[in-house]
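Summary of structural features
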Protein chains: 4
Amino acid sequence: MKNTSILLVSCPDTKGVVASVADFVYRHNGNILHADEHADEGSNLFLMRVEFDPAGFDLAPDEFGRHFAAVAERFQMRWRLAQSSYRPKMVILVSRYDHCLADLLYRHRSGELACDIPFIISNHPDNLAIAEFYGIQYETIEVSKDAKHKAEMEILQLVNHAQADFLVLARYMQILSNEFVEHFPQRIINIHHSFLPAFVGAKPYHQAFARGVKLIGATSHYVTEVLDDGPIIEQDVVRISHRDSLDDLLQKGRDLEKVVLSRAVRWHVQNRILLYGSKTVVFE
Amino acid sequence: MKNTSILLVSCPDTKGVVASVADFVYRHNGNILHADEHADEGSNLFLMRVEFDPAGFDLAPDEFGRHFAAVAERFQMRWRLAQSSYRPKMVILVSRYDHCLADLLYRHRSGELACDIPFIISNHPDNLAIAEFYGIQYETIEVSKDAKHKAEMEILQLVNHAQADFLVLARYMQILSNEFVEHFPQRIINIHHSFLPAFVGAKPYHQAFARGVKLIGATSHYVTEVLDDGPIIEQDVVRISHRDSLDDLLQKGRDLEKVVLSRAVRWHVQNRILLYGSKTVVFE
Amino acid sequence: MKNTSILLVSCPDTKGVVASVADFVYRHNGNILHADEHADEGSNLFLMRVEFDPAGFDLAPDEFGRHFAAVAERFQMRWRLAQSSYRPKMVILVSRYDHCLADLLYRHRSGELACDIPFIISNHPDNLAIAEFYGIQYETIEVSKDAKHKAEMEILQLVNHAQADFLVLARYMQILSNEFVEHFPQRIINIHHSFLPAFVGAKPYHQAFARGVKLIGATSHYVTEVLDDGPIIEQDVVRISHRDSLDDLLQKGRDLEKVVLSRAVRWHVQNRILLYGSKTVVFE
Amino acid sequence: MKNTSILLVSCPDTKGVVASVADFVYRHNGNILHADEHADEGSNLFLMRVEFDPAGFDLAPDEFGRHFAAVAERFQMRWRLAQSSYRPKMVILVSRYDHCLADLLYRHRSGELACDIPFIISNHPDNLAIAEFYGIQYETIEVSKDAKHKAEMEILQLVNHAQADFLVLARYMQILSNEFVEHFPQRIINIHHSFLPAFVGAKPYHQAFARGVKLIGATSHYVTEVLDDGPIIEQDVVRISHRDSLDDLLQKGRDLEKVVLSRAVRWHVQNRILLYGSKTVVFE
């Protein structure tokens, strides 16, 4: 996979944004490989993702900002430049259920997820063996009722020390405090085992079973201060029937959770997700 | 399509139910074509649908009960015998949106729905033309704010006079009173344009758009006294993305609503749906 | 829906295409609303769809070509400019099965398909009533075995006289001659009732039933000289089981066919489909 | 999971089959938990799966046949009795691609697949590490062009010696000889990475990419003497678009293959699959 440069832009929707950005890339000798954009009518926001070939591009990444400033200011852009060759550092948090963890580690090793995993954090020692099999460091940080804050501080220290770029809650069964979450805006990805906003909170499969729905779902989203309410990245569903027991729901759900979470992580790693308000655009 | 007899049974889950029912049918010279059943562990309820060939069966439908009584009593059964040749009478209620109505009428004429439609009731005259095209009587019963009760009484009178078997709310935008609903237990089918229990109430597509979900859904259910809370018969979803405007959601949703409602109506007509608690078993 | 201009471009993949097109639109005071593109690595082809707001654009549609020529020549573009306000003329060909016809006419009247339908052509008189209901002219052109050529000549004359833009085969059960097809490159849309390339040719549901597949499909494609081999526009599938008889397959299939064909027609009408080799890009 | 007895029956479709079987179970004091059946009109075949609680059943498994003989003979039944507590022995054959292998081993350890795995056979040493992680023996049997027969004989010896019940080809890239296949009727499950019967043979994703389909699929089937032509157990598809490269197809396909193969294996282990002609009934 050759390296590409990815420019992410959001700004008020005005004439000339595409032309100015495309022209900037062209003048500096970059070749646009993909360009996606979305004009959100409600918020009058324009969102754009431009992927270009940096071979021949006459600006080094650290020079880009200085030269792009004129364009950015003219259109009041918020922007970010990423290199596909940079492997972001992902820390996985997990409790006892290991299906999402095992799936992420398998995909990581097989090359699907172009990120590094400095370590896994868990409040239980159960998943040490699989971490070792994949050669990933495993940190157990127990979370006792009275010392939640202390545990979060330990996690924070580890994460910061590793300069991790984002966190993935791969069925981490502890609710993080707002204080903790605020450190990682748009940088914590959770998997919730329901089709949100249906069945918020605990035991969603039990809720779904009791309600008698005909499909069950899973939702990956960025974590915000309100439980299960952050911007949705991806969702999917699978059909169930009266023949499915609660155990069958859990089993079918696990397959969903793995796929939905891994898509969200891949898109995040590939810089494909832009936020506007409480929603996401995924430039697939 | 040759005529078949359908026996629907629910009773406490005990040994010998299948054997006794199958034996009864066999002793009276019926040939079982399909037999479906479900044992619900939570409620210890046993549900069963037996479809048999009445050719050669030595009991007339009106004699069945007298002979079956011994079996029914022994197992404390609630039961019902239906003939596939009987065409139930379905009254459709509709407001202005005509997609579900048009779809039901088309399927009815093409032979997919083995029922009769004595008339359509609407609170608006808008859909008269399509009713006429399909040769179905169309009754306009306006619903003014102050005279809701009066309108419901008119509907009730019409429905009872026609000896209708069940009602379908094909995007009927009036909320029916509990008093009205109580007349038709498990006999009113509604289509709600969301994946229930997400987005209960008004304007679910607007709610879905605002929340930023990645799939939208539709749900058909029996109407009970609590809004959008009745037993779910069928659900389905379709994928959306940021490229879909609210209008696109409405358009994609219409295709869902048609398919989901028509499945529910067909299963109801074919005596495939059994209730247990607030859930349905659909013996497909 | 306000009018937009749509520029469709295909050319060899070289640096500066996006910038030059975006810059051209901008210099003439157009506002780009959407821009989609695809670089096909295999064929080194670059495909692009730019939708811009013509309000304020300082070139009339008939002047566009003269001014755009320099850009087009420099990049060896094949290009086309369309106005969303132009309603293309669609002729529907149908035999006896009416589900796709009824669906297209319903969607047309409800505003989903922004085209005009000068008339419907059929080799049977059966579907006259529904055409009349929707106020569309209905031409019966019988196709006898010995006079296929004559029938096609009549169709050709009608279509040309009406200056139709494209044809839709809504379950038209006659195979068109190569001679006829050649008159309408990328301008005949067919619905085939299987998941192509599985089950080419006659009676695909029978073939699917015999093979014991677990899903059945439908495929809409442009018609080329090789039967069922043209560029695929859209496909979808639905799950079946051993409980589904051949009749059930036909019924489930009808729902698929309607949805798949109507998507293809809508995308065609909205100028969203570009061909490259024997494949399509659909810029949704 | 408590033990259940599963009786699988196929016989000509005649009156009294359900009654006789249900009565037999009841007379011997078994409690029917589930009963599924299918009458195939084309072949006049009746297929049945009865799952009953053996607690209190007054026949030991090895006595069952002697007592059931009268019923079986009367209806010309082919039948089989299985115990859910019996863990069939599954041998996995794999080449280099490890995604299906890793998925099966994970599911096996997590309890989803109630079978034993005496060993894995591969023509490459590549997947030894994952086998070791899961504590499964790994046999490398190289297949050289000139010594295919010899390799198959080695496999046969290993499989027979272990008294394996069935084989799973988890992306095993060697075509097995008819001679080998004949030893295992309905006892070899393969995963083919296309929506069969489309794209039979080698490199189906390449074929799909070249054809420009809009969905890709995977198919699990029993292996017979004709390549990719055996009875289909399960299929599924996933949507692709022009944005997906050939590599993306492979990646999306891997997720499909894992899910489709694991469903087939689970149903096989649970004695849910009956064959009739070249088709399967899956009593889910």
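Residues take numbers from 1 onward in each chain, read along the sequence in its written order. Think of it this way: whatever chain is written first is A, whatever ligand is written first is 1, and the rest follow in order. Predicted model: local features are reported for residues with pLDDT of at least 70 only, side-chain atom pairs are reported and counted for 80 or more only, and whole-chain, interface and lining totals are derived from all residues. No hydrogens and no water enter the side-chain calculation; it runs on all heavy atoms of the structure.

1. Side note on the interface of chain A and chain B
A contact between two residues is defined here by any heavy atoms of the two lying within 4.5 Å. Listed as interface residues are 32 residues of chain A and, on the opposing side, 32 residues of chain B. Note on definitions: buried area is the accessible-area loss of two parts on being combined, 1.4 Å probe, summed for both. When the two sides are added together, the surface that chain A and chain B hide from each other amounts to roughly 2,800 Å², 53% of it contributed by carbon and sulfur. Ranking the residues of chain A by area buried against chain B places A:R211, A:K214 and A:H242 at the top, with a combined share of 27%. A pairing counts as a salt bridge when a side-chain nitrogen of Lys or Arg comes within 4 Å of a carboxyl oxygen of Asp or Glu. Connecting chain A to chain B are six salt bridges. Polar contact is defined as a pair of N or O atoms within 3.5 Å, subject to the rule that within protein one atom must be able to donate a hydrogen and the other to accept it, and that residues adjacent in sequence are counted only when both atoms are side-chain atoms. At the junction of chain A and chain B, the tally comes to 16 residue pairs in polar contact (both at pLDDT 80 or more). A run of H or I in DSSP becomes a helix once it reaches four residues, and a run of E becomes a strand once it reaches two; helices and strands are each numbered from the N terminus. Mapped onto the side of chain A that touches chain B, the elements with two or more residues apiece are α7 (204–211), β11 (232–239) and β13 (279–282) of chain A. Under this grouping Gly is polar, as are all residues other than the nonpolar Ala, Val, Leu, Ile, Met, Phe, Trp, Tyr, Cys and Pro and the charged Asp, Glu, Lys and Arg. Its residues assigned to classes, the side of chain A that touches chain B shows 16 nonpolar, seven polar and nine charged.

2. A closer look at a nonpolar patch on the surface
Residue and element names in this part refer to chain A. Taken together, the side chains of I175, V200 and L227 define a hydrophobic patch exposed on the protein surface, amounting to about 260 Å² of accessible area. Tracing the backbone through its elements, the reader meets I175 in the loop between β8 (166–169) and α6 (178–181). Each residue is placed in one exposure class: buried if its accessible area under a 1.4 Å probe, protein chains only, is under 20% of its type's maximum, exposed if it is over 50%, and partly exposed if it falls in between. What makes I175 exposed here is its relative accessible area of 52%. The residues that make up patches have over 30% relative accessible area and no salt bridge, and they are joined within 9 Å when like-charged or within 5 Å when they are Val, Leu, Ile, Met, Phe, Trp or Tyr. Calculation of accessible area relied on Shrake-Rupley with a 1.4 Å probe; when residues are assessed, cover is drawn exclusively from the protein chains displayed.

3. Some remarks on the sheet that holds strand β4 (residues 78–83) of chain A
All names here are of chain A. With antiparallel pairing, the four strands of this open sheet are ordered in space as β2-β3-β1-β4. In this open sheet, the two edge strands, each paired with only one partner strand, are β2 (31–40) and β4. Along the sheet, successive strands turn relative to each other by an average axial angle of 10 degrees, direction set aside. By the convention used here, strands pair only if DSSP detects at least 2 bridges between them. Two elements, strand β1 (residues 5–12) and strand β3 (residues 45–53), share eight bridges in a ladder whose sense is antiparallel. Bridge assignment links V9 to a residue of β3, and that residue is M48. Helix axes are fitted only over the stretch in contact, all axes being lines through C-alpha atoms; the angle between N-to-C directions runs from 0 to 180 degrees. Strands in contact with helix α1 (residues 17–27) are β1, β2 and β3; relative to β3, the strand with the most contacts, it is inclined by about 20 degrees.

4. Section: the interface of chain C and chain D
At the interface, 32 residues of chain C touch 32 residues of chain D. Each partner contributes to the roughly 2,800 Å² buried at the junction of chain C and chain D, and carbon and sulfur atoms together form 53% of this total. Area buried by chain C at its contact with chain D is led by C:R211, C:K214 and C:H242, which between them contribute 27% of it. In this structure, the salt-bridge partner of C:E234 is D:R239, at a minimum N-O distance of 3.0 Å. For the pair chain C and chain D, the number of links is 17 residue pairs in polar contact (both at pLDDT 80 or more). Secondary-structure elements contributing two or more residues to the side of chain C that touches chain D are α7 (204–211), β11 (232–239) and β13 (279–282) of chain C. With seven residues, β11(C) is the single largest residue contributor to the side of chain C that touches chain D. Its residues assigned to classes, the side of chain C that touches chain D comprises 16 nonpolar, seven polar and nine charged.

5. Side note on the domain arrangement of chain A
Residue and element names in this part refer to chain A. Assigned domains of chain A: these are domain 1 (5–83) and domain 2 (90–282). With centres defined by C-alpha atoms, the gap from domain 1 to domain 2 works out at 31 Å. Residue-level contacts link 13 residues of domain 1 with seven residues of domain 2. Summed over both sides, the interface between domain 1 and domain 2 buries roughly 780 Å², with carbon and sulfur atoms accounting for 59% of that surface. It is L8, L47 and R49 that lose the most area in domain 1 upon contact with domain 2, and together they represent 50% of the buried surface on that side. The tally of links from domain 1 across to domain 2 stands at zero salt bridges. Connecting domain 1 to domain 2 are three residue pairs in polar contact (both at pLDDT 80 or more). When residues of the side of domain 1 that touches domain 2 are traced back to their parent elements, those giving at least two are β1, β2, β3 and β4. In the side of domain 1 that touches domain 2, the residues fall into seven nonpolar, two polar and four charged. For the domains described, the bounds stem from an automatic or database domain assignment.

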